[in-house]
Amino acid sequence: MNRKVQPFWNDFCLATGQEGIEYKDAFQFGVSPDWLADLVIKGKKTATTSGFVFYELEKEEIPKAGEYYIVLDGKEEPVAVIQIQSVEVVPMNKVTEEFALAEGEGDYQDWWEAHEKFFTESLKEYDMEYSPSMLVVCERFKKV
């Protein structure tokens, strides 16, 4: 893990007067981490969608409300702390336009095309095919 993550977290805890809490993970968003991290910093990105199947394949738990995460930019530098507000697992074709817009990346059509492309390419690595009804994990978060 990046040596700057823990000091970044420690500074966050000190600045917010929080003690005894831990962050779950530090990560980059998607294929354009600098742009997406910037959207988080500006408060324009307050949601994200990921494929449920990837949690199953990698034997990872899905995020839970209340957890803290550190957002990294394209150089893996920590740039923001987010706290998960809600998590819902739904078929991709049931994701609402309102939720897609909360991702801050464009209109609903942009969201759909970007996620379809990303999931199609990512699933190929597992010899799996994309389906519009695949389950996705829809997370709402706030930058803290």
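Up top is the structure these notes are about.
The notes below deal with the structure included here. (Residues numbered from 1 in each chain as written. Predicted model: local features only at pLDDT ≥ 70, side-chain atom pairs only at ≥ 80, totals over all residues. Heavy atoms only, no water.)

**Looking at a nonpolar patch on the surface**
1) Next: Side chains of Leu 57, Tyr 126 and Met 128 sit close together on the surface and give an oily, nonpolar patch of about 230 Å² of accessible area.
2) Next: Within the element layout of this structure, Met 128 appears in the loop between α5 (108–124) and β5 (135–143). (Patch = residues over 30% accessible without salt bridge, like charges linked within 9 Å, V, L, I, M, F, W, Y side chains within 5 Å. Areas by Shrake-Rupley, 256 points an atom, 1.4 Å probe, with all protein chains shown as cover. Salt bridge = Lys/Arg side-chain N within 4 Å of Asp/Glu carboxyl O. Helix = DSSP H or I, 4+ residues; strand = E, 2+ residues; numbered from the N terminus.)

**A word on the side chain of Glu 139**
1) Next: Note that Glu 139 resides in strand β5.
2) Next: Excluding residues within four positions of it along the chain, Glu 139 makes contact with Thr 46, Ala 47, Thr 48, Ser 50, Tyr 55, Pro 63, Ile 84, Ser 86, Val 87 and Phe 99. (Contact = heavy atoms within 4.5 Å.)

**Some words on the layout of surface pockets**
1) Next: Of the volumes computed, that of the largest pocket is approximately 1,200 Å³.
2) Next: The wall of the largest pocket is formed by 38 residues, among which Gln 28, Gly 30, Thr 49, Ser 50 and Phe 118 lie closest to the centre.
3) Next: Only β1 (23–28), α2 (33–41), β2 (47–51), α3 (52–57), β4 (78–91) and α5 provide two or more residues apiece to the lining of the largest pocket.
4) Next: Tallied by class, the residues present in the lining of the largest pocket amount to 16 nonpolar, 9 polar and 13 charged. (1 Å grid on protein atoms, 1.4 Å probe; cavity = no way out; pocket = protein on both sides within 12 Å on 5 of 7 lines; lining within 4 Å. Points joined across faces, edges and corners; volume = space filled by probe spheres on them. Nonpolar A, V, L, I, M, F, W, Y, C, P; charged D, E, K, R; others polar.)

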